[in-house]
Amino acid sequence: MADFVRHENRIRMASTDGRSVQIYELIHSSEHVADAERPRPGKILAVKWWKPSESSPFYLAVTAWIDQSVKSSLWKLQEGALFITRNDIPYLLGTFDIDRDGLPETLLAQEFDRDSFFSQRVSQVVLANNDLRQMEPKLLLPRQFTVLGSAITDVNGDGQPEVIFIRNQVLFIYAGSRQLYKSPTEMGGSVSVQRRKLPFAPGTGETKTAPVANLTHTRRNTSSVLTKIPITDHL
């Protein structure tokens, strides 16, 4: 799982293998130079860049699975280092570039549901006076929407953003509450999966498969150079 954002004349990449987070800046050639372990035990499900305003630093929204539940965190990238500014956030976190300026300014938080994994309750998170506050999303979202494995952009050229997401390996495109497209077959061959115990079968050891993010990306031949950004735990 990886996420990319443009910074000045470079591409900044955050990636995870589930155990650690790696930060790179892509310039001319490809070279792995650094990685860092998550300071708490658990499995990292997704990493998403967030830049709430033009003057703010970059943040990294890290969604993780800890103790059979979702516990996310928010990391701030400043002066070449990442600092954890918020921990144990009980939501799945996704970021989106709704204003289409190339930077993901919108952070959406989705409640975790023990039966379906993705709850229907989604809020928008804003940064005010160095504090996180929740509000109703500015964009109308369909009930099946997931903050991971999704995108919000204008795909039909009408000047308005459409919501694209994969739920149970089916691709949906919505304009507000109106469904524009539903794929007739399952999408993707590479899906991040989290297994958890069934809440209605305690002690059986049974597990339920919950797809949490689609990892199918178009591969591109990119020549890059990787600049190390150290990771600092600052609770």
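What you see is a predicted model; the values in this text were computed from it and never measured.

What counts, and where the lines are drawn
- Residues numbered from 1 in each chain as written.
- Predicted model: local features only at pLDDT ≥ 70, side-chain atom pairs only at ≥ 80, totals over all residues.
- Heavy atoms only, no water.
- Salt bridge = Lys/Arg side-chain N within 4 Å of Asp/Glu carboxyl O.
- Helix = DSSP H or I, 4+ residues; strand = E, 2+ residues; numbered from the N terminus.
- Buried < 20%, exposed > 50% of the residue type's maximum accessible area, 1.4 Å probe, protein only.
- Contact = heavy atoms within 4.5 Å.
- Phe/Tyr/Trp six-rings, centres within 6.5 Å; stacked < 30°, edge-to-face > 60°.
- Lys NZ or Arg CZ within 6 Å of the ring centre and 35° of its normal.
- Pairing = 2+ DSSP bridges.
- Axes fitted to C-alpha atoms, helices over the stretch in contact; angles between N-to-C directions.
- Core = buried A, V, L, I, M, F, W, Y, C linked by side-chain atoms within 4.5 Å.

Engineer: Run through the pattern of salt bridges, naming residues and quoting values.
Structural biologist: Taken as a whole and judged by the stated rule, the model has seven salt bridges. Of the charged contacts, one joins Arg12 and Glu25 as a salt bridge, the two residues approaching to 2.4 Å between their closest N and O atoms. With Arg12 in strand E2 (residues 10-16) and Glu25 in strand E3 (residues 20-26), the pair connects residues that are 13 residues apart, well separated along the chain. As far as the burial class goes, Arg12 and Glu25 line up, both buried. Between Arg121 and Glu111 there is a salt bridge, with the nearest N and O atoms lying 2.7 Å from each other. Taken together, the residues span a long stretch of sequence, with Arg121 in strand E12 (residues 117-128) and Glu111 in strand E11 (residues 106-113) at a distance of ten residues. Classification of Glu111 by relative accessible area gives partly exposed; the value is 25%.

Engineer: Give a detailed account of the side chain of Ser15, specifying residues and quantitative values.
Structural biologist: On the secondary structure map, Ser15 appears in strand E2. Residue Ser15 is classed as buried on the basis of its relative accessible area, which comes to 11%. The residues touching Ser15, leaving out its near neighbours within four places in the chain, are Met1, Ala2, Ser20, Val21, Gln22, Tyr24 and Val47.

Engineer: Explain the packing of aromatic side chains to me, and be specific about the residues and the numbers.
Structural biologist: The way to describe two aromatic rings as a pair is by their centre distance and the angle between their planes. In this structure the tally under the stated criterion is eleven aromatic pairs. A centroid spacing of 5.6 Å and a plane angle of 45 degrees characterise the contact between Trp50 and Tyr59, whose relative ring orientation is tilted. Judged by relative accessible area, Trp50 falls into the buried class, the value being 1%. Residue Tyr59 is classed as buried on the basis of its relative accessible area of 5%. Through successive ring pairs, a cluster of aromatic residues spans Phe96, Phe145, Phe165, Phe172 and Tyr174. One Lys or Arg, Lys51, reaches over the ring of Phe58 and ends 5.5 Å from the middle of that ring.

Engineer: Can you tell me about the sheet that holds E12, naming the residues and giving the values?
Structural biologist: A sheet is described by the order of its strands in space; here four strands give the open sequence E10-E11-E12-E13, paired in antiparallel fashion. If you trace the sheet from one side to the other, it starts and ends with strand E10 (91-96) and strand E13 (131-135), each paired once. With strand direction ignored, the average angle separating the axes of adjacent strands in the sheet is 35 degrees. Here E12 runs beside E13; their pairing, made up of five bridges, is antiparallel. Bridge pairing in E13 places Leu127 opposite Leu132.

Engineer: So, the nonpolar core: which residues are in play, and what are the values?
Structural biologist: A general trend in soluble globular proteins is that nonpolar side chains are found buried together. Formed by 21 residues in total, the largest nonpolar core has its most connected members in Leu92, Leu108, Phe117, Leu141, Phe145, Val147 and Val163. The set of elements that each furnish at least two residues to this core consists of strand E5 (43-50), E10, E11, E12, strand E15 (162-167) and strand E16 (170-175). Those residues in contact with Val163, other than ones at most four positions away along the chain, are Leu139, Leu140, Leu141, Pro142, Phe145, Ala151, Ile152, Phe172, Ile173 and Tyr174. Judged by nonpolar contacts, the second largest core, of 14 residues, contains Val21, Trp49, Val62 and Ile84.

Engineer: Hey, could you go over the sheet that holds strand E17 (residues 178-182) for me, with residue numbers and the actual values?
Structural biologist: The four strands lie next to each other as E14-E15-E16-E17, forming an open sheet whose pairing is antiparallel. In this open sheet, the two edge strands, each paired with only one partner strand, are strand E14 (150-153) and E17. When the angles between neighbouring strand axes are averaged without regard to direction, this sheet yields 20 degrees. Sheet topology places E14 next to E15; four bridges connect them, and they run antiparallel. Counterpart to Ala151 in the pairing with E15 is Ile164.

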